[in-house]
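Descriptive structure summary
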Amino acid sequence: MANPRRPAKSPADEALHRRLNAAHAGLLRVHKTIIDHERSRYERSSGPVGTPLEFLHLVLNDPWFAWVRPISELIVQIDEFTASREPTEPHQGEALLKQARDLLVPSESDDSFAREYFRAMQESPDIAIAHAEWRETVR
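Anyway, here's the lowdown on the structure attached to this text. (Residues numbered from 1 in each chain as written. Predicted model: local features only at pLDDT ≥ 70, side-chain atom pairs only at ≥ 80, totals over all residues. Heavy atoms only, no water.)

Okay, the nonpolar core next. Leu 27, Ile 34, Leu 104, Tyr 117 and Trp 134 are the most contacted members of the largest nonpolar core, which has 33 residues in total. At the level of secondary structure, the elements contributing two or more residues to this core comprise helix H1 (11-46), helix H2 (52-61), helix H3 (69-83), helix H4 (90-103), helix H5 (112-123) and helix H6 (125-137). Per-element tally for this core: the top contributor is H1, with eight residues. Aside from chain neighbours lying at most four places away, what touches Trp 134 is Ala 23, Gly 26, Leu 27, Val 30, Ala 100, Arg 101 and Leu 104. (Core = buried A, V, L, I, M, F, W, Y, C linked by side-chain atoms within 4.5 Å. Buried < 20%, exposed > 50% of the residue type's maximum accessible area, 1.4 Å probe, protein only. Helix = DSSP H or I, 4+ residues; strand = E, 2+ residues; numbered from the N terminus. Contact = heavy atoms within 4.5 Å.)

Written out as structure tokens, the structure reads:
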């Protein structure tokens, strides 16, 4: 039975939501792999992190992890779009997919995110693999 509070989605809307959900899942994998790698780098530099809550505080507030925040924010935006109970505009969903494709482009000489992403991919085969798998989902 359909939810009376939510209008039925068109096939195009459903396809967009599937693409966004796939991109979201891939971004989560990339994000986790980056966070794990950056935690190892951080602990080698600054010593072990105590509790999971202390680590979360570092991820949210420490400059070491600041470069990862654009991915975190994009994941939240996609999640909010796909979970919205209000009607959504397809162009907004397409814009989120474009933003994801544009963000995850490693570069040695680009802005700070692209440069840090390039460095992390060079250091971690796991990040490179997660990136390659994610790129397959957003073609």
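Another point: the packing of H3 against H4. Where H3 meets H4, the closest approach of the two axes is 11 Å, and the angle between their N-to-C directions is 160 degrees. The pairing of H3 with H4 is recorded here as roughly antiparallel in orientation. Handedness of the H3/H4 crossing: left-handed. Within the contact between the two elements, H3 uses Pro 70, Ile 71, Leu 74, Gln 77, Ile 78 and Phe 81 and H4 uses Gln 92, Gly 93, Leu 96, Gln 99, Ala 100 and Leu 103. Per-class residue counts for the contact of H3 with H4 are eight nonpolar, four polar and no charged. (Axes fitted to C-alpha atoms, helices over the stretch in contact; angles between N-to-C directions. Parallel < 35°, antiparallel > 145°, perpendicular 65-115°, else oblique. Left-handed = near helix turned anticlockwise from the far one by under 90°. Nonpolar A, V, L, I, M, F, W, Y, C, P; charged D, E, K, R; others polar.)

Functional significance is not addressed by these values, which are geometric in nature.
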